[in-house]
Amino acid sequence: MSSDRLRTLLLETSSRLFAQAGEPELQESVDAGSFPAEVWAEIEDNGLPTALLPAERGGADLPWPDALAILRMAGAYALPLPLAETFVAHDLLHGAGVEPPEGPICLALGAPRSPIRHRGGSLSGSFSCLWPGSAHLLLVGRGEDGDSDGATLLEAQEAISRTSPTPAQNAAGEPVGHCASVQTEAVHELPPGTWRSTLELCALSRAMMIAGAMERILDLTIEHVQGREQFGRPIGRFQAVQQQVAEMTGHVALVGVAAEAAGAARAAATDPRDASFECASAKACASELAGPVARTAHQLHAAIGFTREHVLQRFTRRLWTWRDDFGDESFWQQQVGAAGLAAGSDGLWPLLSRS
Amino acid sequence: MRAPQSHLRFAPARLPEETAELRADLRALLEREHRAGTWEDRGKSWNGHCPELSRKLGEAGFLGLTFPKQYGGHERTQLDRYVVTEELLAAGAPTAAHWVADRQSGPLILRFGSDEQKERFVPPIARGESCFCIGMSEPDSGSDLASLACRATRVDGGWSLSGTKIWTSNAHFADYCIVCCRTEAKDDGNRHAGLSQVIVDLKGSTGITVRPILNLGGLHEFNEVVFDDCFVPDDCLLGEPGDGWHQVTSELAYERSGPERFLTNFHVLRALVGVLSQSDRESTRRLVGSLLSRLWALRQASISVAGMLQAGELPNVEASLVKDVGTALQQELPEIARAVALDEQIDDVAFWEVVHHATMLAPAYTIQGGTTEILRGIIARGLRLR
C-alpha cells in the first residue's frame, strides 16, 4: 500500500474511532474521572497505539509525521485518551530495545524547569502525570552534567503504590496525579539528550493536538455565526462578528502551519536537536494563541457556549489544559528567546531561515 | 460528531535544496555591497531607493526570477523568488527601485499584456533598471477602490487620462505607473465594471504633476499624482478594457503574502539582540521568544503561499491571512523591543534611534496594501460569512 493511501486510511479510521469517544455520555464519565477503557480497547483493536512500532513488533512502521496527523485529528475530537503519550513511550522504549506493554502508557518527565533526575542508576524528583492507576507510567529522568539519561516503566497499579500520587483534575476534567517525591531505580539507561528530545516530542504532539482542537473550534464558530440569527439575520453578517472570526482564523492558521512545519523539521532531522528551535517555536505559538482563540470562540458563541451542555467547552477546556502540558508558552518562549540571543545580531536570521 | 471541516489550505511546503545556493550567493552579494558602501542604512528596506543596488541585483540574476527567459527572466520558481525577497528584507537592503516592478508589475504585464508590451517593459524590470509604482488609491477612494473616479477617455490614437491618485509610493522616481482608471461610465448595478489599467510613462508624458506628501516620520515616500489630460497611447492599455477589476484583484495574492508583511522591520529585532547579546532576565527571553516563534511560524505560512502560487493557485484568502497576522506582528515589534529595552535599561543612543524610527513607521503596515479591516472582510467572505 502506498504511504499516502495508508495515511488516508489511518486518518479515516482515526476519525471514525475518535468520533465515538466524542459522545456526550462518554465525556461525562471522563469528567467523573473514569478512564474510557472500551474506546481505548477499540483503538487498540485497530492497531492505532502501536502503529509506530515496526511490523515484526505488531506495529505498522508508521512514520512520525503520520502519527502527528493522527494526533491533530485526536485534537479535533477532543480525544480523552493518552494516545500521544503512548506513541512517545513506544518510540522511546522501542529505541531502548524494550518491548512496550499492552495498554495506555502515560509519561512522567517532571516539570520542564525541574526534570526528574537520573543519577547513579536511580531516578528522583517530583512530577505530575495523567490517568494515574489507569495507564502504565514511564518515568524518564535527565542525567546530570552529560551523564546518561534513564527511564523506568511501572505497571499502572505498581506506579500508584510506588509514587503515591495526590489525585487532582486538570481543566479538561481528566484525572491527574501529583507526586511530590519519587525515588526509584532506573531500569533503562538512555543516551544523554533523550529526556530533552522526549520533552520536545511531547510538546510537538501537544502543539498538533492544539492545532486540531483549534480547527474544530473555528469550525464550530463559523457554523454558529452562520446559523444563529439576531436582528433578523445571521450574526455572521455583522462586521463586528466577521472581524473577530477573521482574526481568530489567522491565529488558527498560524498554529496549524507551525505545528506542521515543526513536525516536518523533526522528521527531517538526523539529530533531534536539529529541530529543537522549530519544536520550541511551534509549542510557544500554540500555547500563546490558545488563550485568544478560546476567548474569541466563547465571545462569539455567547451564553450557549458557556454551558456544560454545549460541545464547545470540550475543546476550549482542552486548549486551556494542553497549553500548559509539556512546557507552557513562558517556558518555550524563553527557550526560543535564549536561542535568538545566543545567535546574536548576525546569527538571528540564519537561525530563523535554516529550515 | 462529524469530521472537522477544513476552512483553510496551507499546504505544507519546504524550500527545495537548490534554494540554498541561491540564498548563499545573494547573502554574499549583499554583504559585499554593504561593505563597499553601496548602501548603509538597514532600516529603510523596501522603501529605500538605491538604483545601483537594484541594477547589480538584476545583473547578478536575482530579479525577474520567475519570468520567462524570452523576456530576460530566469524561469525559476516562486519558492526561489521567495528566498530572494526574504534575504533582501532580512538584510534591510534598499529595494524600492525594483520592488514593485519585480513583485507585481512584471507578473501583471506577463499575464495580461500584449507580446509587444512584454517585450518592451519586462526585460528592463529583470535588469533592475525599470521602476514601477501602483496608481490605485484616490483622495475619495481608499479601501473602497471600486468607487474610483480617475478617468481615461478615448482620443485619437489612445486615451486622455485625468484625475488624482494619492499615496502613490515612489512616484517621484518611478519610470512608470500602472493606473487603474475608469474607461466606461459608472454602473451602479455593477460597481466593478468599466475599470481598466493603463501603463503611464511618468518621465515621457506631459500633463502629470507629482506632489510629495511627507509621512509622519518626515520621509518622502508617497505622493499625490495629478493627471490632467495626460495622453496614454493605445499600446499602453493593459489587458482588456473594462477588465481592470479582475486584473487588479489577481495581483493581490502576490502583493499580500510576501515576507515584506512580516520582515520589513526585522532590523529592529537585530538591533535589540545586538544590544542585549545576553540576558538573564526571564521577561526578555520570553518576549524575544514570543516574537521569534511567531515570525518563524509566519515565515512557514508565507512559504506555503509561495508554494501554492507556484502550483498555479491564487490563494487570496490565505495571502490575506498572512498579511493580517504578519502586519500586526510587525506593528507589535517596536513596542516589544521598547518594553524589553526599558526593562534592561538600555541607553544605547543608536538603538533608541532605530526604535523611535520604527515606531513612527509602524502605523502604515496595517494600512498599506489593504487595510486590516478590508483583509478581514476578504477572509470572512472566504469563510462564507458574507
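Please read all numbers here as calculations on a predicted model, not as lab measurements.

Analysis parameters
- Residues numbered from 1 in each chain as written.
- Chains lettered and ligands numbered in written order.
- Predicted model: local features only at pLDDT ≥ 70, side-chain atom pairs only at ≥ 80, totals over all residues.
- Heavy atoms only, no water.
- Helix = DSSP H or I, 4+ residues; strand = E, 2+ residues; numbered from the N terminus.
- Rg over C-alpha atoms; globule rule 2.2 N^0.38 Å.
- Contact = heavy atoms within 4.5 Å.
- Lys, Arg positive; Asp, Glu negative; His and termini not counted.
- Charge placed at Lys NZ, Arg CZ, Asp CG, Glu CD.
- Domains from an automatic or database assignment.
- Buried area = accessible area lost by both parts, 1.4 Å probe.
- Salt bridge = Lys/Arg side-chain N within 4 Å of Asp/Glu carboxyl O.
- Polar contact = N/O pair within 3.5 Å; in protein donor to acceptor, adjacent residues only side chain to side chain.
- Phe/Tyr/Trp six-rings, centres within 6.5 Å; stacked < 30°, edge-to-face > 60°.
- Lys NZ or Arg CZ within 6 Å of the ring centre and 35° of its normal.
- Core = buried A, V, L, I, M, F, W, Y, C linked by side-chain atoms within 4.5 Å.
- Buried < 20%, exposed > 50% of the residue type's maximum accessible area, 1.4 Å probe, protein only.
- Pairing = 2+ DSSP bridges.
- Expected span 1.5 Å × (residues − 1).
- Bend = angle between axes of the 7 residues up to and from the residue.

Describing the overall build of chain B
- Check the secondary structure of chain B and you find twelve helices and eight strands.
- Over its C-alpha trace chain B gives a radius of gyration of 21 Å, about what one expects of a compact globule, namely 21 Å for 386 residues.
- Principal axes of the C-alpha set define a box for chain B whose edges measure 70 × 65 × 40 Å.
- By sequence separation, contacts in chain B at least 24 residues apart represent 74% of the contacts at least 6 residues apart.
- Computed over 41 positive and 52 negative side-chain charges, the separation of the two mean positions in chain B equals 4 Å.

Observations concerning the domain arrangement of chain B
Residues and elements named next belong to chain B.
- Domain boundaries in chain B define domain 1 (27-130), domain 2 (134-245) and domain 3 (251-382).
- Centre-to-centre, using C-alpha coordinates, domain 2 lies 30 Å away from domain 3.
- Between domain 2 and domain 3, the contact holds seven residues from the first and seven residues from the second.
- With both sides pooled, the region where domain 2 packs onto domain 3 buries about 590 Å², and carbon together with sulfur makes up 66% of that total.
- At the boundary of domain 2 with domain 3, the tally comes to zero salt bridges.
- Summed over the shared surface of domain 2 and domain 3, the number is zero residue pairs in polar contact (both at pLDDT 80 or more).

Things to note about the domain arrangement of chain A
Residues and elements named next belong to chain A.
- Per the domain assignment, the segments of chain A are domain 1 (1-100), domain 2 (103-191) and domain 3 (194-352).
- Of note, the centres of domain 1 and domain 2, computed from C-alpha atoms alone, are 22 Å apart.
- Contacts between the two partners involve 19 residues from domain 1 and, on the opposite side, 19 residues from domain 2.
- Interface of domain 1 and domain 2: buried area, both sides summed, is about 1,500 Å²; carbon and sulfur atoms make up 74% of it.
- The largest contributions to the domain 1 side of the interface with domain 2 come from Phe35, Glu85 and Leu92, which together make up 30% of the buried area.
- Seen at the junction of domain 1 and domain 2, the total is zero salt bridges.
- The element contributing the most residues to the side of domain 1 that touches domain 2 is helix α5 (residues 83-95), with seven residues.

Some details on the packing of aromatic side chains
- The full count for this structure, using the stated rule, is twelve aromatic pairs over all chains.
- For the pair Phe132 of chain B and Tyr176 of chain B, a centre-to-centre distance of 5.1 Å together with 35° between the ring planes defines the contact as tilted. Within this pair, whereas Phe132 of chain B is found in strand β1 (residues 132-135), its partner Tyr176 of chain B is found in strand β4 (residues 176-182), the two being separated by 44 residues in sequence.
- Taking the ring centre of Phe238 of chain A as reference, the NZ or CZ of Arg233 of chain A above it sits at 4.2 Å.
- Directly above the ring of Trp159 of chain B sits Arg154 of chain B, whose terminal nitrogen or CZ lies 4.3 Å from the centroid.

Some words on the interface of chain B and chain A
- Facing the 54 residues of chain B at the interface are 58 residues of chain A.
- Of the roughly 4,900 Å² buried where chain B meets chain A, counting both sides, 68% is carbon and sulfur surface.
- Considering only the surface of chain B that becomes buried against chain A, Met1, Trp296 and Leu385 of chain B emerge as the three largest contributors, covering 19% of it.
- At the boundary of chain B and chain A, one finds five salt bridges.
- Here the side of chain B that touches chain A gets 17 residues from one element, more than from any other, and that element is helix α9 (residues 282-310) of chain B.

A few points about the nonpolar core
- Ranked by size, the top nonpolar core spans 184 residues in total, and within it Phe18 of chain A together with Phe10 of chain B carry the most contacts.
- With 18 residues, the top contributor of residues to this core is helix α7 (residues 194-227) of chain A.
- Each residue touching Phe10 of chain B, except ones within four places of it in the same chain, is listed here: Ala253 and Val257 of chain A together with Ala301, Ser304, Val305, Met308, Glu318, Leu321 and Val322 of chain B.

Considerations on the pairing of strand β8 (residues 166-169) of chain A
Residues and elements named next belong to chain A.
- Direction of pairing for β8 relative to strand β9 (residues 175-185): antiparallel, over a ladder of four bridges. In the strand pairing of β9, Thr166 is matched with His178.
- Count of turn residues in the β8/β9 antiparallel hairpin: five residues, of which Gly173 carries a positive phi of about 90°.

Remarks on helix α4 (residues 99-112) of chain B
Residues and elements named next belong to chain B.
- Look at α4: 20 Å from first C-alpha to last across 14 residues, which is about the 20 Å you get at 1.5 Å a residue.
- Maximum bend of α4: about 35°, positioned at Ser105, with proline Pro107 one to four residues after it.
- Among the 14 residues in α4, 13 count as buried, and that is most of the element.

Observations regarding the environment of Cys279 of chain A
Residues and elements named next belong to chain A.
- Along the polypeptide, Cys279 turns up in helix α9 (residues 276-305).
- Sequence separation between Cys279 and Trp320 is 41 residues, and the spatial gap between their C-alpha atoms is 19 Å.
- Residues in contact with Cys279, not counting those within four places in the same chain, are Glu200, Leu204, Ala262 and Arg266.

Things to note about the pattern of salt bridges
- Throughout the structure, instances matching the rule amount to 41 salt bridges over all chains.
- Residues Arg354 of chain A and Glu278 of chain A are paired through a salt bridge, measuring 2.8 Å at the closest nitrogen-oxygen approach. Highlighted residues: Arg354 of chain A in the segment after α11 (329-352) and Glu278 of chain A in helix α9, separated in sequence by 76 residues.
- Under the relative-accessibility criterion, Glu278 of chain A is labelled buried at 2%.
- A salt bridge links Arg35 of chain B to Glu31 of chain B; the shortest N-O distance between them is 3.4 Å. One end of the pair, Arg35 of chain B, and the other, Glu31 of chain B, are both in helix α1 (residues 19-36), four residues apart, so they sit about a helical turn from each other.
- Judged by relative accessible area, Arg35 of chain B falls into the exposed class, the value being 68%.
- Residue classification places Glu31 of chain B among the partly exposed positions, given a relative accessible area of 36%.
- By sharing partners, the salt bridges in this structure join Arg23, Arg27, Glu86, Glu87 and Arg299 of chain B into a single network.

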